[in-house]
Amino acid sequence: MSPKKMKGMLKSMGIDIDELEDVSEVIIRMPDKEIVIENASVAIMDAHGQRSYQISGDATERPLSGTEAIEGPELEIPESDVDLVVAQTGANHENARAALLEANGDLAAAILLLAPK
């Protein structure tokens with residue numbers, strides 16, 4: 001089937017495909033490494049408002065140096081969340097806050113961390 005017919009058939013199903021022009025490389029950055037895709041070809045598929053990217057090319061991996069490591073914003077734990085974990089578990093404020101930080105602010109996960117085993 002020709003690419004033009006394929007594109008028309010997908011369009012009739014509500015899927016649009018567009019190619020990004022002049023892409024030289026794509027970088028996927030993770031906490032400890034990067035995947036670099038050179039000579040990249042990128043297609044964008046839009047299916048009912050949901051966009052997906054298809055990437056092909058020559059992939060290599062490289063570690064991040066200490067200066068390139070990604071640091072997210074510091075997690076702020078509301079005092080009301082600490083109070084709720086204290087009330088549910090009987091833990092002290094310090095342990096409740098530490099559990100919330102370990103659970104990335106997830107109340108249920110923090111309570112489970114402090115629950116008796």
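Read on for an overview of the structure.

Scoring rules and cut-offs
- Residues numbered from 1 in each chain as written.
- Predicted model: local features only at pLDDT ≥ 70, side-chain atom pairs only at ≥ 80, totals over all residues.
- Heavy atoms only, no water.
- Helix = DSSP H or I, 4+ residues; strand = E, 2+ residues; numbered from the N terminus.
- Contact = heavy atoms within 4.5 Å.
- Patch = residues over 30% accessible without salt bridge, like charges linked within 9 Å, V, L, I, M, F, W, Y side chains within 5 Å.
- Areas by Shrake-Rupley, 256 points an atom, 1.4 Å probe, with all protein chains shown as cover.
- Salt bridge = Lys/Arg side-chain N within 4 Å of Asp/Glu carboxyl O.
- Buried < 20%, exposed > 50% of the residue type's maximum accessible area, 1.4 Å probe, protein only.
- Lys, Arg positive; Asp, Glu negative; His and termini not counted.
- Charge placed at Lys NZ, Arg CZ, Asp CG, Glu CD.
- Pairing = 2+ DSSP bridges.
- Axes fitted to C-alpha atoms, helices over the stretch in contact; angles between N-to-C directions.
- Parallel < 35°, antiparallel > 145°, perpendicular 65-115°, else oblique.
- Left-handed = near helix turned anticlockwise from the far one by under 90°.
- Nonpolar A, V, L, I, M, F, W, Y, C, P; charged D, E, K, R; others polar.
- Core = buried A, V, L, I, M, F, W, Y, C linked by side-chain atoms within 4.5 Å.

Details of the environment of methionine 45
Alright, step 1. Here methionine 45 lies in strand β3 (residues 33-47).
Alright, step 2. Along the chain, methionine 45 and aspartate 22 lie 23 residues apart, while their C-alpha atoms are 18 Å from each other.
Alright, step 3. Sequence-distant contacts of methionine 45, defined by excluding residues within four places in its chain, comprise Asp16, Ile17, Gln50, Arg51, Ser52 and Gln54.

Notes on a nonpolar patch on the surface
Alright, step 1. Taken together, the side chains of Met1, Met6, Met9 and Met13 define a hydrophobic patch exposed on the protein surface, amounting to about 420 Å² of accessible area.
Alright, step 2. For methionine 1, a relative accessible area of 68% gives the class exposed.

Comments concerning a negative patch on the surface
Alright, step 1. Residues Asp18, Glu19, Glu21 and Asp22 make up a contiguous surface patch of negative charge.
Alright, step 2. Here aspartate 22 lies in the loop between β1 (15-20) and β2 (25-29).

Topic: the pairing of strand β4 (residues 50-63)
Alright, step 1. Inspection of the sheet shows β3 paired to β4 by 13 bridges, in the antiparallel sense. By the bridge assignment, glutamate 34 is partnered in β4 with arginine 62.
Alright, step 2. The turn linking β3 back onto β4 is made up of two residues, and histidine 48 within it adopts a positive phi angle of 55°.

A word on the environment of alanine 108
Alright, step 1. Mapped onto the fold, alanine 108 is located in helix α4 (residues 107-114).
Alright, step 2. In this structure the C-alpha to C-alpha distance between alanine 108 and threonine 89, which are 19 residues apart in sequence, comes to 11 Å.

Observations regarding the packing of helix α3 (residues 93-102) against α4
Alright, step 1. Between α3 and α4, the shortest axis-to-axis distance is 8 Å and the interhelical angle comes to 125°. Compared by their axis directions, α3 and α4 come out oblique. In this structure, α3 crosses over α4, and the sense of that crossing is right-handed. Here Asn95, Ala96, Ala99, Leu100 and Glu102 of α3 come into contact with α4, specifically with Leu107, Ala110, Leu113 and Leu114.
Alright, step 2. Class assignment of the residues belonging to the contact of α3 with α4 gives a composition of seven nonpolar, one polar and one charged.

Details of the nonpolar core
Across soluble globular proteins, nonpolar side chains have a tendency to be buried as a group.
Alright, step 1. With nine residues, the main nonpolar core is built from Ile77, Val82, Val85, Val86, Ala96, Ala99, Leu100, Ala103 and Ala110.
Alright, step 2. Only α2 (79-89) and α3 provide two or more residues apiece to this core.
Alright, step 3. Not counting chain neighbours up to four residues away, the residues in contact with leucine 100 comprise Leu75, Ile77, Asp81, Val82, Val85, Gly105, Asp106, Leu107 and Ala110.

With respect to the packing of α2 against α3
Alright, step 1. Running from N to C, α2 and α3 cross one another at 110°; their axes reach a closest spacing of 9 Å. With respect to each other, α2 and α3 are oriented roughly perpendicular. Classified by chirality, the crossing of α3 by α2 is right-handed. Residue-level inspection shows Glu79, Asp81, Val82, Asp83, Val85 and Val86 of α2 in contact with α3, the latter providing His93, Ala96, Arg97 and Leu100.
Alright, step 2. A per-class count over the contact of α2 with α3 returns five nonpolar, one polar and four charged.

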